[in-house]
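Structural features, examined
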Amino acid sequence: MATGLSKSRSLAGMSKMFAQLRTHLRELGLSMSVWDSQARPAGRFQPSCQLCQYIHGTGRLCAAAASGLAARIIGEGQPGKSLAPCGCCLVGTPVHQRRRLVGAVVGCYPPREMLQDESFARLCDRLQLDRQAMMSSGGDACRHTVAEADDFTHVLGWMLSREQALQTAQEELGNLSANLSSTYEELSLLYAISGEMNVMRQPKEFLQQVCSQLVEVMSISAAAGVIEAPSHRESRLGDLLSAEQAGGAEVVWAGEIALEAHQIGALVARHIIPRVKDNRPVLDNGFEPQEQDLKAIRNFVAAPLATEGRSVGMLVAFNKRSGDFDSVDLKLIGSIGNQAGVFLEYIRLYADMKDLLMGVLHALTASIDAKDPYTRGHSQRVAMISRRLAEECGLPPEKVQRIYLAGILHDVGKIGVSEAVLRKPGRLTVDEYDSVKHHPAIGAKILGGIRQLEDVVVAILTHHERPDGKGYPRGLKGEEVPLEGRIIGLADCLDAMTSHRTYRAALSLSEVAEEIRRNAGTQLDAALVEKLLSIGLAEFMEGLDRNGNGAGCLTPGAEDAK
Amino acid sequence: MASRILIADDEAHILHVVSLKLRNAGYQVITAVDGEEALDLCMIERPDLVITDYQMPLMSGLQLCKCMRANPATRDVPAILLTAREFDIEPEEIREAKISAVMAKPFAPRELLEKVKELLAKAHEAPSRPVSRLGDP
């Protein structure tokens, strides 16, 4: 019939409720005792009332009577009442837990009739107590009559069921609140991680933040993340970690963990990666590794950082504080692993695209430099000078970068100028010079179709314009020349003057300073010249090399480290 | 005639959430707070579908389903197991208890409702077959 375990017949967890009940009954003038399913006293038996305590010392007679009533109640499964030999009234009701009888509660009070009884008089005589005195003090204790016992039986039953319902409701509320609270935490974790997804972030930094957030929310001792280094994209993550290749994979963590980076790497490689299937998260509540140094890990959940079926890293949560990990934890880390995986892939793609772009552009300009050896490295140098000038003008970083790009590309139009003219050792004829003057327009035309280079095209088109309007191709005047064009124009001149040419040697810096001062306002923008001279040419030129971007450097990527 | 669904879970808030969702969808809902009560109610109320937690006092959801399968009156009632500890259960036991679906907590009430509709529709299609295996045409 009953298939439950024996402990289901216990009064466990009800002590607080009984305490409440006891308090209420005391206010009514009753004392209370609790009995288990075998009619044994649960807890210390308290004397039924002051009177009994006083008269009978330990209240043993009441105890025996209460025990008897409890046994009857438990046997019949019904509430009941009785009269003790000492004269006290007893009322009782059964206690149920999960539809099982687990005990009984018995209330006891001395009725007023007791004071009038013969046995009471004899008792006072036997104990040599003054009966009158006893009767007056007893009047306080005896608040009810025997006739009220029936009502009290009902009241006791109602009070017990109310207290039980109240306790259950409180427990449920507590559970619900705890559940809700942890759900809020999980939500806020997901919000926080979305907030961290800034494409300017380094992958390692982002992953570190994710680990910190996980530790805060998941109630774990530590979290760790591993991610393959950018330089090792073709290798499998497991290989990178196992081989302990220097710099093959990066390891970050948060929380308290008695492991070093390479040990975490080993853990992931040997125990986690082999268990991941279909890029789904894994869980282990009974982790028992062979390796001594990994024994500090009791359990974990882990999720791969993956997109397009390829895993670039792993996220792991260690040692759940409250005991075991469950599916809530698994889903959470799985979801975060997914998001993080997509985001990290996006960062890489973005970086790759940037690299690709710069590589292609450098190749493009190198093709022009190949035709004209004297201008090899010229575009790079103009770009660097322009960048520095733009910075000194206080332009924002994105704008500075665009001007740099324009510097790289400013002479792209020379591809439309004949090689014979470009390589001519002596002075150019008027016609030859005219053909060269087409290069800004040609460059603008070549790149004009690329929407993302619109601003760069503007700079290319205007880098030979002059404040005095005598420039080309359009003869723009003063402020009509965009700032980018003016900057590139000055940079172009600067590099030309400081380079050796077939028809003259490089000018000394003081000669250069004099030249640009003389041409300020006419050929060169006066404000820019002023700025340049105030910094000092020597200081300016030296600053370029100090950045490690040596003149004539053709390899892309170096300047992107800036 | 509305379908009757029994939900068993020792966590009151799960009972509340699922009851609400199902009642709003027009089903009659009976609740139980432990496996034993669930089995008793199953026999008395004969629900059309049972949703049960795995870990419960007195009798687990798994045992509940096994008992249901042992009784001809409840043998074919579809059952959904809701649990945060799916990985603790052997797939063999799930098959043996003929549990139609296992949903991991946290579950979306909407998804649970979809599953309930799906299983009840399937049960309706083949009411007279003695033992119907899900997946049979």
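Here the residue numbering is sequential within each chain, running from 1 through the sequence in written order. A letter from A marks each chain and a number from 1 marks each ligand, given out in the order of writing. Residues qualify for local features only when their pLDDT is at least 70, as the model is predicted, and side-chain atom pairs are given and counted only at 80 or more; totals for whole chains, interfaces and linings, by contrast, use all residues.

This part takes up the overall build of chain A. Only runs of H or I of at least four residues qualify as helices and only runs of E of at least two qualify as strands under DSSP, and these elements are numbered from the N terminus. What chain A contains, in helices and strands, is 21 helices and nine strands. Buried, partly exposed and exposed are defined by the number of other C-beta atoms within 10 Å of a residue's own C-beta, namely 20 or more, between the two limits, and 12 or fewer respectively, with C-beta atoms placed from the backbone. Counting every position in chain A, which comprises 562 residues, the buried fraction comes to 36%. Think of it this way: build a C-beta for each residue from its backbone, and any pair within 7 Å is a contact. For chain A, the proportion of contacts with a sequence separation of at least 24, taken over those separated by at least 6, is 62%.

The next thing to look at is the overall build of chain B. Regarding its fold elements, chain B presents five helices and five strands. Ordered by position from the N terminus, the helices and strands of chain B form the series β-α-β-α-β-α-β-α-β-α. For chain B, the residues scored as buried account for 35% of the 137 residues in total. The contacts of chain B with a sequence gap of at least 6 include a subset with a gap of at least 24, amounting to 63%.

Right, let's get into the sheet that holds strand β7 (residues 282-284) of chain A. Residue and element names in this part refer to chain A. One open sheet accounts for five strands, arranged β6-β5-β9-β8-β7; its pairing is antiparallel. Edge strands, defined here as strands with exactly one partner in the open sheet, are β6 (249-255) and β7. On average, each strand axis in the sheet is inclined to that of its neighbour by 15°, with strand direction left out of account. Only strands that DSSP links by at least two bridges are regarded as paired with each other. Sheet topology places β7 next to strand β8 (residues 300-307); three bridges connect them, and they run antiparallel. Within β8, the position partnered with Leu283 by the bridge is Val301. Angles here are taken between N-to-C directions and fall from 0 to 180 degrees, while the axes themselves are lines fitted to C-alpha atoms, restricted in helices to the stretch in contact. Relative to the sheet, helix α10 (residues 261-272) contacts β5 (220-228), β6, β7, β8 and β9 (310-320), its axis offset from that of β6 by approximately 105°. The strands touched by helix α11 (residues 327-371) are β5, β7, β8 and β9; relative to β8, the strand with the most contacts, the crossing angle is about 30°.

Residue and element names in this part refer to chain A. Relative orientation of the contacting elements helix α12 (residues 378-392) and helix α13 (residues 397-409) amounts to 155°, with a least axis distance of 7 Å. One way to sum up the angle between α12 and α13 is to call them roughly antiparallel. Like other packed secondary-structure pairs, α12 and α13 cross with a definite hand, here right-handed. Where α12 abuts α13, its residues Ser379, Gln380, Val382, Ala383, Ser386, Arg387, Ala390 and Glu391 lie against Lys399, Val400, Ile403, Tyr404, Ala406, Gly407 and Ile408. Residues are grouped as follows: Ala, Val, Leu, Ile, Met, Phe, Trp, Tyr, Cys and Pro are nonpolar; Asp, Glu, Lys and Arg are charged; every other residue, Gly included, is polar. Taken together, the residues of the contact of α12 with α13 sort by class into eight nonpolar, four polar and three charged. Roughly parallel means an angle under 35 degrees; roughly antiparallel, over 145; roughly perpendicular, 65 to 115; everything else is oblique. If you view the pair so one helix is near and one far, a crossing is left-handed when the near helix is turned anticlockwise from the far one by less than a right angle, and right-handed when it is turned clockwise.

A few words now on the pairing of strand β2 (residues 28-32) of chain B. Residue and element names in this part refer to chain B. The pairing of strand β1 (residues 4-8) with β2 spans five bridges and is classified as parallel. Considered in β2, the bridge of Ile7 is made with Thr31. In the classification by handedness, the crossover that spans β1, the intervening helix α1 (residues 12-24) and the parallel β2 is right-handed. If the strands point away from the viewer and the path from the first strand over the helix to the second runs clockwise, then the crossover is right-handed.

Turning next to the interface of chain B and chain A. At the interface, 16 residues of chain B touch 14 residues of chain A. Looking at the side of chain B that touches chain A, the elements with two or more residues in it are α1 and α2 (35-45) of chain B. Classifying every residue of the side of chain B that touches chain A by side-chain character gives eight nonpolar, one polar and seven charged.

Turning next to α2(B). In an α-helix, one turn spans 3.6 residues, which is why side chains three or four residues apart end up on the same side. Residue and element names in this part refer to chain B. Taken as a whole, α2 has its buried residues at Gly35, Glu36, Glu37, Ala38, Leu39 and Cys42. Residues of α2 that are buried sit in contact with β1, β2, β3 (49-53) and α3 (61-70). Phi turns positive one or two residues past the end of α2, at Arg46, with a value near 50°.

Residues and elements named next belong to chain A. Their axes nearest at 11 Å, the elements helix α8 (residues 203-218) and α11 cross at an angle of 165°. Regarding the angle of α8 to α11, the classification is roughly antiparallel. The way α8 lies across α11 gives a crossing that is right-handed. Residue-level contacts link Pro203, Val210 and Met218 of α8 to Asp329, Ile336, Ala340, Leu344 and Ile347 of α11. For the contact of α8 with α11, the residue count by class is seven nonpolar, no polar and one charged.

Time to look at the confidence of the model for chain A. All names here are of chain A. How sure the predictor is of each residue is captured by pLDDT, a score from 0 to 100. Of all residues in chain A, 89% have pLDDT values of 70 or greater, and the mean over the chain is 85. Here helix α2 (residues 50-56) is the element of chain A with the lowest mean pLDDT, 64, and helix α17 (residues 454-462) is the one with the highest, 95. Counting contacts from residues 1-8, a segment whose pLDDT is below 50, to residues more than four positions away or on other chains yields eight contacts. Segment residues 548-562: pLDDT under 50, and 23 contacts once partners within four positions in sequence are set aside and those in other chains are kept.

To continue, consider the pairing of β9(A). Residue and element names in this part refer to chain A. Among the 11 residues that make up β9, eight are buried, leaving the element largely enclosed by the rest of the structure. Taken together, the seven bridges between β5 and β9 define a ladder with antiparallel strand orientation. When the sheet's bridge partners are listed, Ala223 is paired in β9 with Ala317. Between β8 and β9, which pair antiparallel in sequence order, lie two residues; one of them, Glu308, sits at a positive phi of approximately 50°.

Residues and elements named next belong to chain A. Each nonpolar core consists of buried Ala, Val, Leu, Ile, Met, Phe, Trp, Tyr and Cys residues. Their C-beta atoms, within 7 Å, join them into a set. Counting residues in each nonpolar core, the largest one holds 53 residues, and the members touching the most others are Ala223, Ala224 and Val316. The element that contributes the greatest number of residues to this core is α8, accounting for eight residues. With sequence-adjacent residues up to four places away left out, Ala223 is seen in contact with Cys211, Leu214, Val215, Trp253, Ala254, Gly255, Val316, Ala317 and Phe318. Counting residues in each nonpolar core, the second largest holds 36 residues, with Ile385, Val400, Ala491 and Leu494 among its members.

A few words on the sheet that holds strand β2 (residues 80-83) of chain A. Residue and element names in this part refer to chain A. Ordered by their spatial adjacency, four strands build an open sheet running β1-β4-β3-β2, and the pairing between neighbours is antiparallel. Every other strand in the sheet has two partners, leaving β1 (31-36) and β2 as the edge strands with one partner each. Each neighbouring strand pair of the sheet contributes to a mean axis angle of 25°, computed without reference to strand direction. Of the pairings in the sheet, the one linking β2 to strand β3 (residues 89-97) comprises four bridges and is antiparallel in character. Among the inter-strand pairings, Lys81 is bridged to a residue of β3, identified as Val91. Contacts between helix α1 (residues 15-28) and the sheet are confined to β1 and β4 (100-109), with β1 contributing the most and set at about 150° to the helix.

What follows covers unusual backbone geometry. The amide bond that connects A:Tyr472 to the next residue, A:Pro473, takes the cis arrangement and shows omega of 5°. As for its placement among the helices and strands, A:Pro473 is situated in the loop between α17 and α18 (483-497). With omega at 0°, the peptide bond leading from B:Lys105 into B:Pro106 counts as cis. Even without being glycine, A:Asp278 reaches a positive phi, approximately 55°. Taking the number of C-beta atoms within 10 Å as the measure of exposure, A:Asp278 has 7 and is therefore exposed. Even without being a glycine, B:Arg46 presents a positive backbone phi close to 50°. Position of B:Arg46 relative to the elements: it lies in the loop between α2 and β3. A tally of 12 C-beta atoms within 10 Å means that B:Arg46 is categorised as exposed.

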